[in-house]
Amino acid sequence: MNKPSIETLEKTASQVRRDIVRMVHAVNSGHPGGSLGCTDFLTALYFNIMDIKKPFDPDGRDEDMFFLSNGHISPVWYSILARSGYFPVAELATFRKLDSRLQGHPATEEGLPGIRVASGSLGQGLSVACGAAQAKKLNKDDKRVYVLMGDGELDEGQVWEAAMYAAHHKIDNLIATVDYNGQQIDGPTSDVMDLKDLKAKWQAFGWDVIESDGNDMKSVINAMTLAKSLSGKGKPVVNLMKTEMGAGVDFMMGSHKWHGVAPNDEQLATALAQLEETLGDY
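Starting from 1, residues in each chain are numbered consecutively following that chain's sequence as written. Given that this is a predicted model, residues contribute local features only at a pLDDT of at least 70 and side-chain atom pairs are listed and counted only at 80 or more, while totals for whole chains, interfaces and linings are drawn from all residues. Excluding hydrogens and water, the side-chain values take into account all heavy atoms of the structure.

A. Up close: unusual backbone geometry. Cis peptide bonds are those with omega within 30 degrees of zero, and the linkage from K54 to P55 qualifies with 5 degrees. To qualify as a helix, a DSSP run of H or I must reach at least 4 residues; to qualify as a strand, a run of E must reach at least 2; elements of each kind are numbered from the N terminus. With respect to the helices and strands, P55 occurs in the loop between α3 (39-49) and β1 (65-68). Within the chain, R96 stands out as a residue other than glycine whose phi angle is a positive 60 degrees. Relative to the helices and strands, R96 resides in the loop between α4 (74-83) and α5 (125-138). In this structure, D99 is a non-glycine residue whose phi angle is positive, near 65 degrees.

This is the structure we're talking about:
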């Protein structure tokens, strides 16, 4: 099957960004900043990089698997899942409402296709991904496991336990990405808990490290293609992905303010004016 062009992926990402701001605005609740920052990455992952099957199979045998560790950016993931055919796009209108399958943090009890594990407590996704990747090896399944984490999440010790574990056990079918936007809920990561030389840290833990611009579609595709080429060689791979929180909406960029704040009516209109409608609003 032919992969979509960079231009097509960029148009899809624009629509996903529209979905994000509309979903969060409708219920005056949610996390637009990180969702917008990771839109290009998740668009590339689901529409270009990963080998996935439909209908959804929770076991994920003989297909690539993805785990979202920083689950508060659920708006972008829900939009991506809907736009790639896991469930009806119209269901995005139920985001965070009572009895919706699209709750603030993705969970399994709602039975939403595409979700394999509940996320909420930060720092756990890499551990889950390690287990899934080892299971694939035991099952002689040659597909890969992908996981996305936030940089603020790296304050959690469990991340580094999992990083050490993955390298020790040579889990080389695992590709992790860090959303390296320099912002977390309480402010810049440099003020809350300075990450210092993050590349050197991951290298010291025994990982192959690549770096990318997460808000440039071509850079994302190139980085993840490189990551795939490095996998299977005895080391897990991590992509340190520089992004801008709120990318695509000018007034949301460059500050942690929009980590978990919904736009008002006027701000929504301003945001939508900056984002081309390409696939049709839900």
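B. Region of the structure containing the pattern of salt bridges. A pair is scored as a salt bridge if a Lys or Arg side-chain nitrogen falls within 4 Å of a carboxyl oxygen belonging to Asp or Glu. Enumeration over the complete set of coordinates arrives at 13 salt bridges. The shortest N-O distance in the salt bridge between R83 and D19 comes to 2.9 Å. Placement of the pair is R83 in helix α4 and D19 in helix α1 (residues 6-27), with a sequence separation of 64 residues. D19 carries the same exposure label as R83, and that label is buried. In this structure, K196 and D194 form a salt bridge, with 3.8 Å as the shortest nitrogen-oxygen distance. Burial classes: relative accessible area under 20% of the type maximum marks a residue as buried, over 50% as exposed, and values in between as partly exposed (1.4 Å probe, protein chains only). Since its relative accessible area comes to 40%, D194 is described here as partly exposed. Three or more residues are tied together by salt bridges with common partners; here these are R18, E277 and D281.

C. Up close: the state of the cysteines. Two cysteine sulfurs form a disulfide in these notes if their separation is within 2.5 Å. Counting across every chain of the model gives zero disulfides. The thiol sulfur of C130 is not disulfide-bonded, and the nearest other cysteine sulfur, from C38, lies at 20 Å.

D. Region of interest: the side chain of S119. Locating S119 in the fold gives a position in the loop between α4 and α5. Owing to a relative accessible area of 14%, S119 belongs among the buried residues under this scheme. In what follows, residue pairs with any heavy atoms lying within 4.5 Å of each other are defined as contacts. When sequence neighbours within four positions are dropped, the list of residues in contact with S119 reads L68, S69, G71, H105 and P106.

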